[in-house]
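The chain contents come next:
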Amino acid sequence: MKKAILLMTACILFCLAGCMAKPDGPKEDVTETPTATPEPTKEEQKMTEKPEPTVTNTPTPTPALTDENGMYYKCPSEYLSKREGVTYGSFKRETYYSDYCKRERYYTVLLPADYSEDKKYPVVYLLHGIFGDETSFAKDAKIPVLIGNMVADGLTREFILVCPAMYAAGEGTAQAPAFDAEACLPYDRFPTELVQCLMPHINKTYSVIEGREGTYIGGFSMGGRETLYTLMLYPELFKYVCAMAPAPGMTPAKDGFMEHPGSLKEEEVRFAEGTDLPEKIIINCGTRDSVVGKFPLGYHELFTKNGIEHLWYEVPGADHDMTTQYSGMFNFFQLFGKES
Ligand code: FER
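Residues numbered from 1 in each chain as written. Predicted model: local features only at pLDDT ≥ 70, side-chain atom pairs only at ≥ 80, totals over all residues.

J.: Tell me about unusual backbone geometry, residues and numbers included.
T.: Positive phi values are uncommon outside glycine, yet Lys102 reaches one of about 55 degrees. With respect to the helices and strands, the residue Lys102 is situated in the loop between strand E1 (91-98) and strand E2 (103-110). With 10 C-beta atoms packed within 10 Å, Lys102 lands in the exposed category. Not every positive phi belongs to a glycine, and Ala245 is a case in point at roughly 45 degrees. (Helix = DSSP H or I, 4+ residues; strand = E, 2+ residues; numbered from the N terminus. Buried ≥ 20, exposed ≤ 12 C-beta atoms within 10 Å, placed from the backbone.)

Here is the structure:
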């Protein structure tokens, strides 16, 4: 009996101890797996998350292709490679008699690929640089390609390109170009030779739109300078003009090559009121031109000062090179692209 009482007391004590262990706590649900650390709140997540790299939708700016006047800084490269299905013209070397120089003179001509006497074409006279001749542009196989591609894309119309020999020395002289004032004089004779001899020859030899409407002139460097000089002497004869990196000397100047007396005084670089002026005049230059430097900028400033409207732009990064010339030609040839 004593044993039974002892056993019962032990049982009661055991049960009481068990109940008192967690007097107020809810019964643990043993099926629930306790989590070691609680889930972070959204706020905490935000604080601990590495910030996402900022994604902006602004694309890297691509440099503008043209300036505010629509002048292309560079000729797009696709215009300088041959394309399938486009036919290109080729240069021919021809002669004419120059009464002004009293001798046979050469020029090269690039006719449209499908030149036909049934059509009439405008003529571009394109003047080479110092020490060059009528073959200077003709040696560049990219020029017919540029023109053919521009015509194919409707950027310009078909035209005849004439590249004269610009050094118009007189009869019986062995004068040759050099960096001195006298040796440069035959270059300044060229505008008159062009108007009196070469233009009439071209007009009677090819099927051209005669007069200002179909006559345009451009040139590079020394050819750019003579383009501007031709413009000053015969402004009413040309509808479009393009001087690419024009060399100093149309007005008095001095550079590392020579001192230029100037074919005209600065104050003579203006037109009489009422003159029929070209519709557009382009002057350009490479920003890194190591030959003519800032002289083209000087012409631009002089034209501005003297009230001659023109389009001036610089070719980024270009030296005295083909980049400047292709850019100039690409803009020049587009000037008459809209006409038919
Ligand atoms: C001159 C600087 C440049 C100059 C002519 C040029 C006659 C022409 C360079 C060219 O045609 O490439 O002072 O004087």
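J.: If you had to explain helix H6 (residues 295-305) to someone new, which residues and values would you point to?
T.: Restricting attention to buried positions, one finds in H6 the residues Phe295, Pro296, Tyr299, His300 and Phe303. Around the axis of H6, the buried residues are gathered within 155 degrees of arc, so they sit on the same side. Away from the buried face of H6 by more than 90 degrees, exposed residues Glu301, Thr304 and Lys305 are located. Buried-residue contacts for H6 involve helix H5 (222-233), strand E7 (253-254), strand E9 (280-286) and strand E10 (311-315). Directly after H6, the chain includes Gly307, whose backbone phi takes a positive value near 75 degrees. (Arc of directions from axis to C-beta. Contact = placed C-beta atoms within 7 Å.)

J.: Could you give an account of the packing of helix H4 (residues 181-205) against H5, naming the residues involved and the relevant values?
T.: Where H4 contacts H5, the two axes come as close as 9 Å, and the packing angle between them is 50 degrees. As summarised for this structure, H4 and H5 are arranged oblique, according to the angle between their axes. Seen along the crossing, H4 lies across H5 with a hand that is right-handed. Where H4 approaches H5, its residues Tyr187, Asp188, Phe190, Pro191 and Leu194 are matched on the opposing element by Met222, Glu226, Tyr229, Thr230 and Leu233. A per-class count over the contact of H4 with H5 returns 7 nonpolar, 1 polar and 2 charged. (Axes fitted to C-alpha atoms, helices over the stretch in contact; angles between N-to-C directions. Parallel < 35°, antiparallel > 145°, perpendicular 65-115°, else oblique. Left-handed = near helix turned anticlockwise from the far one by under 90°. Nonpolar A, V, L, I, M, F, W, Y, C, P; charged D, E, K, R; others polar.)

J.: Residues and numbers for the sheet that holds strand E3 (residues 123-127), please.
T.: What the 8 strands build is an open sheet, ordered E1-E2-E4-E3-E5-E6-E9-E10; its pairing is mixed. Looking at which strands have only one partner, the edges of the open sheet turn out to be E1 and E10. Ignoring which end each strand starts from, the neighbouring axes of this sheet average 20 degrees apart. Relative to strand E4 (residues 160-164), E2 runs antiparallel, the two sharing 4 bridges. (Pairing = 2+ DSSP bridges.)

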